[in-house]
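# Architecture and fold: a report
This is what each chain is made of:
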Amino acid sequence: MDIAPNRYGFFTDTSICIGCKACEVACKEWNDVPDDGFVFRATSYDNTGSLGANTWRHVAFIEQQRPVGQADGRGQVGGQDQGEGPAGGPGPDSIERWLMSSDVCKHCTHAACLDVCPTGALFRTEFGTVVVQEDICNGCGYCVPACPYGVIDRRERDGRAWKCTMCYDRQLGGLEPACAKACPTDSIQFGPLDELRLRAEERVERLHEEGRPEARLYGASPDDGVGGDGAFFLLLDEPEVYGLPPDPVVTTRDLPAMWRWAGGAAVSLVGAMAVSFLSERLVGRIAAHDRSLGRRR
Ligand code: SF4
Ligand code: SF4
């Protein structure tokens, strides 16, 4: 599906993310996104938890404990075994691998949020991205359950829906989005989507050659359930490990069939009412005719 002649997007290569959160901070700063309530999550270095109305970039920290010998080739944290548990497996303090991934709105090719918005507040930009206009959103929230990734969210303070715009204002000025600009490792790359996909495939090949067979792309295929994502990822494990749906599907895919069914049902109903109305009139006329015959006799 060709949604923009020169579609731009994000390629997030999680294999080189260091979890510095510069992308989260840059996003908040540039877009003036409010705080998340300053909640301290003592179980993880992840202090924002998930994407939401006030978190448009979210750096997930997945702290994995794996039996020694099943490390992925990156080695253990700190380059050494962090201790053993009673059965010889990893101990309670043993974290052999951290996966870090900066998540964001996927700017889907088939975006259900767009399909269900009744006011036109959500629109497709000339860069192929999906943007919500805060001055048009009426806060109905239809877009929230429609998103297959759980990205878009209503803000408690004003009730309207908010999410990543891929820094539409910066793109209009010829600048890259704030998160990509701030990322010190180039884990977040911004550019024409076709170029990013080629670059990502080369990167996966290189990782495979280096003995990292678990490297895979997520959201890069135009043949997936949402027609491919404008923001896609290189992952080092199954999507579920990162909290991503393994096989996302555009939630409005059945709408055309439902409208056809509703249209057919409406036509049948009108037909039945017309038949009933005509039948009643016919019965009335016969009765009147019979009465007039009775009077003549
Ligand atoms: S990820 Fe969700 S909010 Fe973003 S474009 Fe797709 S459907 Fe819309
Ligand atoms: S700025 Fe780059 S390296 Fe730092 S957390 Fe974000 S994606 Fe990872």
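Owing to the predicted nature of the structure, the values given are computational and were not obtained by experimental measurement.

### Some thoughts on a negative patch on the surface
The grouping of Glu201, Glu202, Glu205, Glu209 and Glu210 at the surface amounts to a negative patch. Along the chain, glutamate 210 turns up in the loop between α6 (193-209) and β9 (216-218). Residue classification places glutamate 210 among the exposed positions, given a relative accessible area of 52%.

### Overview of the environment of alanine 111
Within the secondary structure, alanine 111 sits in the loop between β3 (97-104) and α2 (112-116). Considering only alpha carbons, one finds alanine 111 and cysteine 147, 36 residues apart in sequence, at a separation of 7.6 Å. Those residues within four positions of alanine 111 in sequence are excluded, and the remaining contacts are Arg124 and Val130.

### Examining the pattern of salt bridges
Enumeration according to the criterion identifies ten salt bridges in this entry. The salt bridge partner of arginine 157 is aspartate 35, with a shortest N-O separation of 3.6 Å. Highlighted residues: arginine 157 in the loop between β6 (153-154) and β7 (161-162) and aspartate 35 in the loop between α1 (22-31) and β2 (57-64), separated in sequence by 122 residues. By relative accessible area, arginine 157 is classed as exposed at 60%. Overall, aspartate 35 belongs to the partly exposed group, its relative accessible area being 29%.

### Quick look at the packing of aromatic side chains
Taken as a whole and judged by the stated rule, the model has nine aromatic pairs. Ring centres 5.2 Å apart and planes at 15° place the aromatic pair phenylalanine 11 and phenylalanine 232 in the stacked group. Here phenylalanine 232 lies in strand β10 (residues 231-235) and phenylalanine 11 lies in strand β1 (residues 8-13), a separation of 221 residues in the sequence. Using a relative accessible area of 1% as the deciding quantity, one classes phenylalanine 11 as buried. Its relative accessible area of 0% is what places phenylalanine 232 among the buried residues. Taken together, the ring pairs in this structure connect Tyr8, Phe10, Phe123, Phe127, Tyr168 and Phe190 into an aromatic cluster. The ring of phenylalanine 10 has arginine 57 lying over it, and the distance from NZ or CZ to the ring centre is 4.6 Å. Over the aromatic face of tryptophan 30 sits the side chain of arginine 170, whose NZ or CZ is 4.6 Å from the ring centroid.

### Thoughts on α1
Among all positions in α1, only Cys23, Glu24, Ala26, Cys27 and Asn31 are buried. All buried residues of α1 lie within an arc of 170° about the axis, which places them on one face of the element. The inward-facing, buried residues of α1 abut β2, β3, α5 (178-182) and β8 (188-192). Following α1 by one or two positions, aspartate 32 adopts a phi angle in the positive range, close to 55°.

### Examining the pairing of β10
Across the five residues of β10, five count as buried, placing the element largely inside the fold. Where burial is concerned, the two faces of β10 agree: the one with Ala231, Phe233 and Leu235 and the one with Phe232 and Leu234 are both buried. Sheet analysis places β1 next to β10, joined by four bridges and oriented parallel. Residue pairing in the sheet places phenylalanine 11 in a bridge with phenylalanine 232 of β10. Relative to β10, β9 runs antiparallel, the two being bridged by three bridges. Bridge pairing links leucine 217 to leucine 234 in β10.

### Digging into the sheet that holds β1
If you walk across this open sheet you meet the four strands as β8-β1-β10-β9, and the pairing is mixed. The strands lining the two open edges of the sheet, one partner per strand, are β8 and β9. Strand-to-strand twist of the sheet, defined as the mean angle between neighbouring strand axes without regard to direction, takes the value 25°. Both β1 and β8 contribute to a ladder of five bridges, which runs antiparallel. Bridge pairing links phenylalanine 11 to glutamine 189 in β8.

Calculation rules
Residues numbered from 1 in each chain as written. Chains lettered and ligands numbered in written order. Predicted model: local features only at pLDDT ≥ 70, side-chain atom pairs only at ≥ 80, totals over all residues. Heavy atoms only, no water. Patch = residues over 30% accessible without salt bridge, like charges linked within 9 Å, V, L, I, M, F, W, Y side chains within 5 Å. Areas by Shrake-Rupley, 256 points an atom, 1.4 Å probe, with all protein chains shown as cover. Salt bridge = Lys/Arg side-chain N within 4 Å of Asp/Glu carboxyl O. Lys, Arg positive; Asp, Glu negative; His and termini not counted. Charge placed at Lys NZ, Arg CZ, Asp CG, Glu CD. Helix = DSSP H or I, 4+ residues; strand = E, 2+ residues; numbered from the N terminus. Buried < 20%, exposed > 50% of the residue type's maximum accessible area, 1.4 Å probe, protein only. Contact = heavy atoms within 4.5 Å. Phe/Tyr/Trp six-rings, centres within 6.5 Å; stacked < 30°, edge-to-face > 60°. Lys NZ or Arg CZ within 6 Å of the ring centre and 35° of its normal. Arc of directions from axis to C-beta. Pairing = 2+ DSSP bridges. Axes fitted to C-alpha atoms, helices over the stretch in contact; angles between N-to-C directions.

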